[in-house]
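Observations on the model geometry
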Amino acid sequence: MKRIYILLFLFLFLILEGVAINFLPSSIVLGDKMFVPHWILIVLILIEMFFDRGNSYNALIYALVFGLLIDIVYTGILGVYMFSYGIVIYMVHVSKKFLHGNFFVTLLFSILGLVISDLLITFIYDLVGVITFSWQHYWLNRLLPTVLLNIVFFIIIYFLLVKRFNKWGSELSWD
């Protein structure tokens, strides 16, 4: 039943990602900066850090499935988000064995995951010719605002979900 709750959380954030920009003031949205919510990625990192135990790969499976859903619903190219989210969650899975899961480590993983994921997505879109831009413009007008928006989301959602994920992860039998 706990895995169904997690799926429901992820579906909720999938829907909220699509309407998140509508909640920002129009002066920000219509400006030069581009804000991209990667809320599913943040929740997936929290799942990986606090729900998955040992050799379980729930967050990686969720990353592949919900990355593909994001590709289907919000983008025109299949596999870009699925690939980037899968790579990031796998990197967090391998790295978390060396660091204790607390707020600051999870924040660091979230920031690095956001940067890696957004760079991969942008690089792939640039490679296939979907977008063209200067990388200097990208760093200042897309990556930095995107990371800041998602850090605010992380700080809000961390305290709402971590205890729940920790409890659910410890209640499940992973054998």
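This text goes with the structure placed above it.
A brief report on the enclosed structure follows. (Residues numbered from 1 in each chain as written. Predicted model: local features only at pLDDT ≥ 70, side-chain atom pairs only at ≥ 80, totals over all residues. Heavy atoms only, no water.)

When you go through the protein residue by residue, the secondary structure sums to seven helices and zero strands. Helices and strands appear in the protein in the N-to-C order α-α-α-α-α-α-α. Relative to the 2.2 N^0.38 estimate, which gives 16 Å for 175 residues, the radius of gyration of the protein is 16 Å and therefore close to what a compact globule would have. When its C-alpha atoms are laid out on the principal axes, the protein stretches across 50 × 30 × 30 Å. (Helix = DSSP H or I, 4+ residues; strand = E, 2+ residues; numbered from the N terminus. Rg over C-alpha atoms; globule rule 2.2 N^0.38 Å.)

Let us now look at the layout of surface pockets. Within this model, the largest pocket holds a volume of roughly 530 Å³. Considering the residues around the largest pocket, the lining is formed by 22 residues, among which Met34, Phe35, Val36, Tyr81 and Arg142 are closest to the centre. Of all the secondary-structure elements, those providing two or more residues to the lining of the largest pocket are helix 1 (2-19), helix 4 (58-74), helix 5 (80-95), helix 6 (103-127) and helix 7 (135-171). Of the residues forming the lining of the largest pocket, the biggest block, four residues, is contributed by helix 7. Taken together, the residues that form the lining of the largest pocket break down as 13 nonpolar, six polar and three charged. (1 Å grid on protein atoms, 1.4 Å probe; cavity = no way out; pocket = protein on both sides within 12 Å on 5 of 7 lines; lining within 4 Å. Points joined across faces, edges and corners; volume = space filled by probe spheres on them. Nonpolar A, V, L, I, M, F, W, Y, C, P; charged D, E, K, R; others polar.)

Among the surface-exposed residues, Tyr57, Ile61, Val65, Tyr90, Val94, Phe98 and Leu99 lie close enough to one another that they form a single nonpolar patch of about 680 Å² accessible area. Contributions of two or more residues to the nonpolar patch are made by helix 4 and helix 5. Summarising the element assignment, Leu99 is placed in the loop between helix 5 and helix 6. Leu99 sits in the partly exposed class, given a relative accessible area of 41%. (Patch = residues over 30% accessible without salt bridge, like charges linked within 9 Å, V, L, I, M, F, W, Y side chains within 5 Å. Areas by Shrake-Rupley, 256 points an atom, 1.4 Å probe, with all protein chains shown as cover. Salt bridge = Lys/Arg side-chain N within 4 Å of Asp/Glu carboxyl O. Buried < 20%, exposed > 50% of the residue type's maximum accessible area, 1.4 Å probe, protein only.)

This brings us to the nonpolar core. Across soluble globular proteins, you tend to see nonpolar side chains buried next to one another. Formed by 51 residues in total, the largest nonpolar core has its most connected members in Leu10, Ile40, Leu44, Ile47 and Phe165. Sorting the residues of this core by element identifies helix 1, helix 3 (39-50), helix 4, helix 5, helix 6 and helix 7 as the ones contributing at least two each. No other element matches helix 7, which puts 12 residues into this core. Sequence-distant contacts of Ile40, defined by excluding residues within four places in its chain, comprise Leu10, Phe13, Leu14, Glu17, Phe66, Ile70 and Tyr85. (Core = buried A, V, L, I, M, F, W, Y, C linked by side-chain atoms within 4.5 Å. Contact = heavy atoms within 4.5 Å.)

Turning our eyes to something else, we now look at the side chain of Thr106. In this structure, Thr106 sits in helix 6. Beyond its immediate sequence surroundings of up to four residues, Thr106 is in contact with Ile45, Leu46, Met49, Phe50, Phe154 and Tyr158.

The subject of this paragraph is the pattern of salt bridges. Evaluation of the coordinates by the stated rule reveals two salt bridges. Glu48 is the salt-bridge partner of Lys96, the closest N and O atoms lying 3.0 Å from each other. Separated by 48 residues along the polypeptide, Lys96 in the loop between helix 5 and helix 6 and Glu48 in helix 3 bring together distant segments of the chain. Here Arg142 ties to Asp118 by a salt bridge, and the two come within 3.0 Å at their closest N and O atoms. Taken as a pair, Arg142 in helix 7 and Asp118 in helix 6 lie far apart in primary sequence, 24 residues in all. Using a relative accessible area of 13% as the deciding quantity, one classes Arg142 as buried.

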